Amino acid sequence: MQSNDATKERIRKLFHKVEFSVSSYDTAWVAMVPSPHSAQVPCFPQCLDWLLHNQLEDGSWGLPHHQPLLLKDVLSSTLACVLALKTWGIGQDVITRGLRFIELNFASATDQDQYSPIGFDVIFPRMLQYAEDLSLKLHLESRVLSELLHKRDIELRRSYDSSSLELNAYLAYVAEGIGELQDWKMVMKYQRKNGSLFNSPSTTAASLIRLHDSGCLDYLRGALRKFGNAVPTIYPVNIHARLCMVDNINKLGICRHFAEEIQNVLDETYSFDEFICIIDPVAQFLEQEQCSGHLNDIHTKLDLYQALEMIIATDQPVSKKLNSSSLQSLRQRLSGEFYPPNGLTKQIREQVDDVLKFPSYANLERVANRRNIKHYDVDNTRVLKTSYSSSNFGNKDFLALAVEDFNFCQSIHRSELKQLERWLMQNRLDKLKFAREKSAYCYFSAAATIFQPELSDARMSWAKNGVLTTVIDDFFDVGGSMEELNNLIQLFKKWDVDVSTDCCSEKVSIIFSALQSTIREIGDKAFKCQARSVTRQITDIWLNLLNAMLREAEWARDMSVPTLDEYMANGYVSFALGPIVLPALYFVGPKLPDDVVQHPDYHSLFKLMSTCGRLLNDIRSFERESKDGKLNAVTLSVVHGNGSISEEVAIEVLSHRVEMQRKELLNMVLQGEGSVVPRACKDLFWKMSKVLHQFYIKDDGFSSMGMADTVKAIIHEPITTLGLPN
């Protein structure tokens, strides 16, 4: 525990101190800027001093102990530093060592296995030409040089032949690689309120050299006041780095330990103009339906995809600017991204695969946490025009705490599952041979969404009622006669009965006894949380379900064919989410007085969630249920279509209905002002919606072998300190 506390404290300090690497490449371009008073002297001589004192032992410039697969980045940074020093005629010995490094490693410039910084194929060859203009003697392999110049010509021709907004932005971002061919007025269209071009010191410096813009000058002066004698590759960075922290901590499942710090970051983000610079890329995408050139960073594209996925999912007015093709376009960019076959891109490649495979509305929190822990990169070196890193978003403490916390929560979950299995046997539910035994799945759906240790009562209520609804669903489908079904409901209405004499069969006795004792247990625990009795409300929830199930049984007995509306009005209740979700709401924290429980919003949340579940189930299981003679939304759509609706069309229409209901549910969950139901309670409806989409993503929810493996990973398999077990 002491180790855990120390780790948390180190992480807390990072919320107040951003550690961001400086960039020798960008510092070199800033160093090339002449004074506004005389073109013969540097505007920022302190940057030249930094270059002189920060050359690495091998003659290069770049991140110390750089990745061996980032030689293109190191070559680009080294050449930029050499050019800066040569421009002002200082540091000849340093220049000579830098040139020697470039000559020895020049072949890496065309090595396909090397990671290529954004714009390298344009910028590096242009800097070589600039070196020649400065009479720098570089002995380079002619074949490699010819290949570089050829690639640059192709890249520029492709860009100039296109009127794409994306390529215009790209050309502006790599302005220092275009030189005299650049349309500098076009570049300045991308200037931000802080004076920068794309928050990039190198692009801004290149523009300042050409245009002497006062905004560019003020921006660079501000960056140097912040960092001293050198600049990072992106600035401002404070909010960016802290938001990366929040994102990582959330994805790793440890955000509850830093609730206050996270809220402070969010409050700060919304209160500063700097936030505008962070959300500019999203705004540009919304306006242009294109990714700007500076968004070619894979991490940025991945974050943008996830943000747009959520924006579109809410169906808010801002999402009207987008359509499915917009998101699909970015999806294609991500799926078609070229990843050099090396370890540098392994984690981000796996992250992209996960995001594309698991949509946000079907991504269970604890399952996602485990995947993110597996793919988390402690080093997390990122590359724009040059590489950069920050302990605020690549940190071994994050991973250590996430692994320890996951395993601690998992040990609680294993213990609770054993309690659930003992409860099942104590209530003799294992004696009901007609019922599916799905206790592990029922518990998993709770543990994968409400995993925090303090929410044990919510999990156990969710899981026990999940087991009971499965048993009763099977009882009404195949296990009970009409006499037994009616007997169970009558017992429920009377409540205080003599089980030994009032039950018409042992099956009814077992089911009613289990229901009664469990409802009383949950009611007693809820009384402690709510300071009032809610047992009557829980009993009513169950009675509504039993009546809905009885109605379906009567339809089957009488061979009735209800309308689709009649079926759905009953079906969202008979889908049996009421007893699972609604009692659990009493254990997630907030008080739920009667006026909230009886409010229309409360019922709307339940109906939207349950309708999604009913339709998802029917879409996935209609073939099997049709053979069994069971009612189903798909078959009813076909039947009442009188030959005008095929199964395929019915599924398409119902799938669209699921999407619309899901969007409406999410909008209600995210609604702030005017919302009656507490956010923690609304979240539970959305969490169950995610469970449903995950369970029904391929089949009917319970029969997937992949799901069995997922259950095992979340409940039974601890994460090792080196990663996931083989």
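None of the values given here were measured: they were computed from a predicted structure. (Residues numbered from 1 in each chain as written. Predicted model: local features only at pLDDT ≥ 70, side-chain atom pairs only at ≥ 80, totals over all residues. Heavy atoms only, no water.)

## What about the packing of aromatic side chains?
Point 1. Applying the stated rule across the entire model yields 20 aromatic pairs.
Point 2. Between the aromatic rings of F106 and F124, the centroid separation amounts to 6.4 Å while the plane-to-plane angle is 40°, which identifies the pairing as tilted. Residue F106 is located in the loop between helix 5 (92–105) and helix 6 (120–133), and its partner F124 is located in helix 6; the two are separated by 18 residues in the primary sequence.
Point 3. Relative accessible area serves as the criterion here: at 2%, F106 is assigned to the buried category.
Point 4. A residue is classified by how much of its surface remains accessible, and F124, at 0% relative accessible area, is buried. (Phe/Tyr/Trp six-rings, centres within 6.5 Å; stacked < 30°, edge-to-face > 60°. Helix = DSSP H or I, 4+ residues; strand = E, 2+ residues; numbered from the N terminus. Buried < 20%, exposed > 50% of the residue type's maximum accessible area, 1.4 Å probe, protein only.)

## Focus: helix 19 (residues 396–426)
Point 1. For helix 19, with 31 residues, the first-to-last C-alpha span of 45 Å sits near the 45 Å given by 1.5 Å per residue.
Point 2. Sitting at the amino-terminal end of helix 19 is N395, which places a side-chain oxygen 2.7 Å from the backbone nitrogen of D397.
Point 3. Among the residues trailing helix 19, R428 stands out with phi positive, at a value near 60°. (Expected span 1.5 Å × (residues − 1). Polar contact = N/O pair within 3.5 Å; in protein donor to acceptor, adjacent residues only side chain to side chain.)

## What to know about the environment of C255
Point 1. Note on placement: C255 falls in the loop between helix 12 (238–251) and helix 13 (259–271).
Point 2. Given the relative accessible area of 24%, C255 is considered partly exposed.
Point 3. Once the C-alpha coordinates of C255 and M245 are considered, the two residues, ten residues apart in sequence, prove to be 9.9 Å apart.

## Digging into helix 26 (residues 564–574)
Point 1. For helix 26, every residue scored as buried is listed here: Y567, M568, N570, G571, Y572, V573 and S574.
Point 2. Considering only its buried residues, helix 26 is in contact with helix 25 (535–558), helix 29 (600–627), helix 30 (633–640) and helix 31 (647–670).
Point 3. Immediately beyond the C-terminal end of helix 26, within one or two residues, lies A576, with a positive phi of roughly 75°. (Contact = heavy atoms within 4.5 Å.)

## A word on empty space enclosed by the protein
Point 1. For the structure shown, the criterion picks out three cavities of 30 Å³ or more.
Point 2. Its volume calculated, the largest cavity comes out at about 50 Å³.
Point 3. Lining the largest cavity, in full, are V22, S23, S24, G62, L63, D73, S77, T386 and S387.
Point 4. Residues of the lining of the largest cavity, tallied by class, amount to two nonpolar, six polar and one charged. (1 Å grid on protein atoms, 1.4 Å probe; cavity = no way out; pocket = protein on both sides within 12 Å on 5 of 7 lines; lining within 4 Å. Points joined across faces, edges and corners; volume = space filled by probe spheres on them. Nonpolar A, V, L, I, M, F, W, Y, C, P; charged D, E, K, R; others polar.)

## Quick look at the pattern of salt bridges
Two side chains with opposite charge may pair up if their charged atoms get near one another.
Point 1. For the structure on display, the rule yields 32 salt bridges.
Point 2. The residue R242 makes a salt bridge to E268 at a minimum N-O spacing of 3.8 Å. With R242 in helix 12 and E268 in helix 13, this pair connects stretches of sequence that are 26 residues apart.
Point 3. Overall, R242 belongs to the buried group, its relative accessible area being 8%.
Point 4. Residues joined in a network through salt bridges with shared partners are D457, K464, E521 and K525. (Salt bridge = Lys/Arg side-chain N within 4 Å of Asp/Glu carboxyl O.)

## What about the side chain of K464?
Point 1. In this fold, K464 is placed in helix 21 (residues 456–479).
Point 2. Residue classification places K464 among the buried positions, given a relative accessible area of 7%.
Point 3. Leaving out residues up to four positions away in the same chain, K464 has contacts with L420, W423, T518 and E521.

## A few points about the packing of helix 22 (residues 482–494) against helix 24 (residues 506–530)
Point 1. At a minimum axis distance of 10 Å, the contact between helix 22 and helix 24 shows a crossing angle of 30°. Looking at the two axes, helix 22 sits roughly parallel to helix 24. The crossing of helix 22 and helix 24 is right-handed. Touching E484, N487, L488, L491 and F492 of helix 22 are K507, V508, I511, F512, L515 and I519, all from helix 24.
Point 2. Here the contact of helix 22 with helix 24 is built from residues that sort into eight nonpolar, one polar and two charged. (Axes fitted to C-alpha atoms, helices over the stretch in contact; angles between N-to-C directions. Parallel < 35°, antiparallel > 145°, perpendicular 65-115°, else oblique. Left-handed = near helix turned anticlockwise from the far one by under 90°.)

## Focus on the state of the cysteines
Point 1. Applying the stated criterion across every chain, the model contains zero disulfides.
Point 2. C503 provides the cysteine sulfur closest to C504, a residue in no disulfide bond, and the two sulfurs are 7.5 Å apart.
Point 3. Here C612 stays free of any disulfide, with the sulfur of C681 as its closest cysteine sulfur at 19 Å.
Point 4. For C612, a relative accessible area of 0% translates into the label buried. (Disulfide = S-S within 2.5 Å.)

## Topic: the UniProt feature "domain: Terpene synthase metal-binding" (unreviewed entry) in the chain
Point 1. Mapped onto this numbering, the UniProt entry annotates "domain: Terpene synthase metal-binding" (unreviewed entry) at residues 429–664.
Point 2. End C-alpha atoms of residues 429–664 are separated by 37 Å, and the span's content is 73% helix alongside 0% strand. (UniProt positions renumbered as here; feature names shortened; annotations may be inferred.)

## A word on the side chain of S207
Point 1. The residue S207 is located in helix 10 (residues 201–211) in this model.
Point 2. Judged by its relative accessible area of 0%, S207 falls in the buried class.
Point 3. Among the polar contacts listed, one links the side chain of S207 to the backbone oxygen of T203, at a separation of 3.0 Å.
Point 4. Once residues lying within four places of it in the same chain are set aside, the contact partners of S207 are W184, V187, M188, L197, H212 and C216.

## Here's the deal with unusual backbone geometry
Point 1. In this structure, the amide linkage connecting Y235 to the following residue, P236, adopts the cis form with an omega of 10°.
Point 2. Relative to the elements of secondary structure, P236 occurs in the loop between helix 11 (214–227) and helix 12.
Point 3. Although it is not a glycine, M559 adopts a positive phi angle of roughly 55°.
Point 4. Along the chain, M559 falls in the loop between helix 25 and helix 26.

## Here's the deal with the confidence of the model for the chain
Point 1. Counting all residues, the mean pLDDT for the chain is 88, and 90% of those residues have values of 70 or more.
Point 2. Of the regions scoring below 50 in pLDDT, residues 273–278 engages in twelve contacts with residues more than four places distant in sequence or in other chains.
Point 3. The low-confidence segment residues 280–295 (pLDDT under 50) makes 44 contacts with residues lying over four places distant or belonging to another chain. (pLDDT = per-residue confidence, 0-100.)

## Quick notes on the nonpolar core
Point 1. In terms of nonpolar packing, the biggest core is built from 130 residues, with F444 and F476 touching the most fellow members.
Point 2. Per-element accounting of this core gives the leading share, eleven residues, to helix 25.
Point 3. Summarising the domain contributions, this core has at least three residues from each of domain 2 (238–400) and domain 3 (428–697).
Point 4. Judged by nonpolar contacts, the second largest core, of 79 residues, contains V33, L79, L99 and M127. (Core = buried A, V, L, I, M, F, W, Y, C linked by side-chain atoms within 4.5 Å. Domains from an automatic or database assignment.)

## A few points about the packing of helix 3 (residues 45–53) against helix 4 (residues 71–87)
Point 1. At a minimum axis distance of 10 Å, the contact between helix 3 and helix 4 shows a crossing angle of 125°. One way to sum up the angle between helix 3 and helix 4 is to call them oblique. Here helix 3 runs over helix 4; the crossing is left-handed. Between helix 3 and helix 4, the residues in contact are L48, L51 and L52 and C81, A84 and L85, respectively.
Point 2. Along the lines of polarity and charge, the residues of the contact of helix 3 with helix 4 split into six nonpolar, no polar and no charged.

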